[in-house]
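Here's the letter readout for the chains.
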Amino acid sequence: MSIQKITEEESSYQHLEKMSVGGLLTHINNEDKKVAGAVEKALPQIESLVKIVADKMLAGGRLFYIGAGTSGRLGILDASECPPTFGVSPNLIIGIIAGGNKAITSAVEFAEDDAEQGWKDLQQHTVGDKDIVIGIAASGTTPYVIGALQKCNAHDIVTGSICCNINAPLSEVANYPVEVIVGPEFITGSTRMKSGTAQKLILNMISTTLMIQLGRVENNRMVNMQLTNEKLIDRGVRMVMDKLSIGYVAAKELLLQSGSVKKALENHSS
């Protein structure tokens, strides 16, 4: 099956260095407007992926994101935001990037070209058949990610993928592939732009939907969020006040004694 490398196609814009600041911003914004529509077209694929991830996690499994470069960083970002936002263990959703922690802030030469290292990195977390692994690669051709998913398949570990090319090699090795086609980038080949934005939108959808399915949200509130700063404490206090019809001081005392909004409400009712 041939791959159409849309992520490498020539930008629709020429002589960017001659454009005004206003012109650059307008054109970038016009390109960004295409991303949500592309994600919408992929919703059936995203739904299938989220359903299997939810099934795995409800049965006690974990979710792994694995990627290189921007894709890997986005996976780590999404994973790292779930504990403070939803109060889950940092071991429930895990992000892995080619090149390790150094690659989060700096490029690690040729890390994404190692087809064996992805599986080795997953083994550091004792990945197993209860878990699910989602490979993220804008091009859908990254050896590090493809190799990891191939090994997962060989060990009966369910796999998903997110990429921005049609019929990508990554999609071929994933059990639940997602292909979101955003078109050529504003700067030719710069997949940190539209492709990265599309990946971020999809990751938001995956983790948020999962957390709701796992009961970490009530109504539309983050009742399990970690109380790590005054802004979040104040937000939590107001949730408790609203739910229990009590004053600020009493609500704050109850919240801080309990550790979360949900526990505060449970403790009050008991």
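Since the structure is predicted, the reported quantities are computational estimates derived from the model, not experimental observations.

Calculation criteria
- Residues numbered from 1 in each chain as written.
- Predicted model: local features only at pLDDT ≥ 70, side-chain atom pairs only at ≥ 80, totals over all residues.
- Heavy atoms only, no water.
- Helix = DSSP H or I, 4+ residues; strand = E, 2+ residues; numbered from the N terminus.
- Expected span 1.5 Å × (residues − 1).
- Buried < 20%, exposed > 50% of the residue type's maximum accessible area, 1.4 Å probe, protein only.
- Contact = heavy atoms within 4.5 Å.
- Core = buried A, V, L, I, M, F, W, Y, C linked by side-chain atoms within 4.5 Å.
- 1 Å grid on protein atoms, 1.4 Å probe; cavity = no way out; pocket = protein on both sides within 12 Å on 5 of 7 lines; lining within 4 Å.
- Points joined across faces, edges and corners; volume = space filled by probe spheres on them.
- Nonpolar A, V, L, I, M, F, W, Y, C, P; charged D, E, K, R; others polar.
- Axes fitted to C-alpha atoms, helices over the stretch in contact; angles between N-to-C directions.
- Parallel < 35°, antiparallel > 145°, perpendicular 65-115°, else oblique.
- Left-handed = near helix turned anticlockwise from the far one by under 90°.
- Pairing = 2+ DSSP bridges.
- Salt bridge = Lys/Arg side-chain N within 4 Å of Asp/Glu carboxyl O.

Enquirer: I tried to follow helix 3 (residues 69-86) on my own but got confused; where do I start?
Expert: The α-helix winds at 3.6 residues per turn, so residues separated by three or four positions along the chain end up facing the same way. Its 18 residues give helix 3 an end-to-end C-alpha distance of 26 Å, which sits within 8% of 26 Å, the value for a rise of 1.5 Å per residue. Along helix 3, the positions that sit buried rather than exposed are Ser71, Gly72, Leu74, Gly75, Ile76, Asp78, Ala79, Cys82, Pro83 and Phe86. Where helix 3 is buried, its residues meet strand 1 (63-67), strand 2 (93-97), helix 4 (102-105), strand 3 (132-136) and helix 8 (194-213). At the exit of helix 3 stands Gly87, carrying a positive phi of roughly 70°.

Enquirer: For this particular structure, what's the right way to read the nonpolar core?
Expert: Within soluble globular proteins, side chains that are nonpolar tend to cluster in buried spots. Ranked by internal contacts, the top residues of the largest apolar core, which has 36 residues, are Leu63 and Ile206. Listed by contribution, the elements that provide at least two residues to this core are helix 1 (21-41), helix 2 (43-58), strand 1, helix 3, strand 3, strand 4 (158-163) and helix 8. Broken down by element, the residue count for this core peaks at 7 residues, all from helix 2. If near-sequence neighbours (up to four positions away) are discounted, Leu63 is found in contact with Val53, Met57, Leu92, Ile93, Ile94, Ile132, Ile134, Ile206 and Leu210. Among the nonpolar cores identified, the runner-up in size contains 24 residues, and Ile94, Ala137, Val145 and Cys163 belong to it.

Enquirer: Hey, could you run me through the environment of Asp113 in this one?
Expert: Checked against the element boundaries, Asp113 lands in the loop between helix 4 and helix 5 (117-123). You can call Asp113 partly exposed: its relative accessible area is 43%. Residues Asp113 and Ala98 lie 15 residues apart in sequence; the distance between their C-alpha atoms is 8.9 Å.

Enquirer: Whenever I open this one, the layout of surface pockets confuses me. Can you help?
Expert: The gaps of empty space that remain are located by a probe, the size of a water molecule, rolled over the atoms. By volume, the largest pocket amounts to about 230 Å³. Ala68, Ser71, Glu112, Thr142 and Thr191 are, among the 14 residues lining the largest pocket, the residues nearest its centre. A per-element tally of the lining of the largest pocket places helix 3 first, with 4 residues. A class-by-class count of the residues in the lining of the largest pocket yields 4 nonpolar, 8 polar and 2 charged.

Enquirer: Would you mind going over unusual backbone geometry with me for this structure?
Expert: Excluding glycine, most residues fall at negative phi; most peptide bonds, likewise, are trans. In the Ramachandran plot, Asp156 falls in the positive-phi region, its phi being about 60° despite a non-glycine side chain. Its place among the elements puts Asp156 in the loop between helix 6 (143-154) and strand 4. The exposed category is assigned to Asp156, whose relative accessible area is 60%. For Ser245, which is not glycine, the phi torsion reads 55° and is therefore positive. By secondary structure assignment, the location of Ser245 is in the loop between helix 9 (230-244) and helix 10 (248-258).

Enquirer: Teacher, can you tell me more about the packing of helix 9 against helix 10 here?
Expert: Close contact between helix 9 and helix 10 brings their axes to 8 Å; oriented N to C, the two are set at 115°. Comparing their axes, helix 10 and helix 9 come out roughly perpendicular. In the crossing of helix 9 with helix 10, the sense of the turn from one axis to the other is right-handed. Here Glu230, Ile233, Asp234, Gly236, Val237, Arg238, Val240, Met241 and Leu244 of helix 9 come into contact with helix 10, specifically with Tyr248, Ala251, Lys252, Leu254, Leu255 and Leu256.

Enquirer: What should I look at first to understand the sheet that holds strand 3 in this one?
Expert: Within a beta sheet, neighbouring strands are joined by backbone hydrogen bonds and run either parallel or antiparallel to one another. Spatially, 5 strands are ordered 2-1-3-4-5 in an open sheet, and the strand pairing comes out parallel. Edge positions in the open sheet fall to strand 2 and strand 5 (176-179), since each of these has one partner strand only. Taken pair by pair, the neighbouring strands of this sheet meet at an average axis angle of 15°, ignoring direction. Pairing of strand 3 with strand 4, which is carried by 5 bridges, proceeds in the parallel orientation. Note that in strand 4 the partner of Val133 across the bridge is Thr159. Each of strand 1, strand 2, strand 3 and strand 4 is contacted by helix 6, which is oriented at about 145° to strand 1, the strand it contacts most. Lying on the sheet, helix 8 is in contact with strand 1, strand 2, strand 3, strand 4 and strand 5; it crosses strand 1 at an angle near 170°.

Enquirer: Got a minute to help me understand the pattern of salt bridges in this structure?
Expert: A side chain of one charge can pair with a side chain of the opposite charge when the charged atoms of the two come close. Counted by the stated rule, this structure contains 6 salt bridges. Among the salt bridges present, the one from Asp131 reaches Arg62, with a minimum N-O distance of 2.8 Å. One end of the pair, Asp131, is in the loop between helix 5 and strand 3; the other, Arg62, is in the loop between helix 2 and strand 1, with 69 residues separating them in the sequence. Among the residues examined, Asp131 registers a relative accessible area of 4% and is labelled buried. Lys262 is the partner of Glu218 in a salt bridge, and the nearest nitrogen-oxygen pair spans 3.6 Å. Taken as a pair, Glu218 in the loop between helix 8 and helix 9 and Lys262 in helix 11 (residues 261-269) lie far apart in primary sequence, 44 residues in all. Residue class for Glu218 comes out partly exposed when judged on its relative accessible area of 32%.

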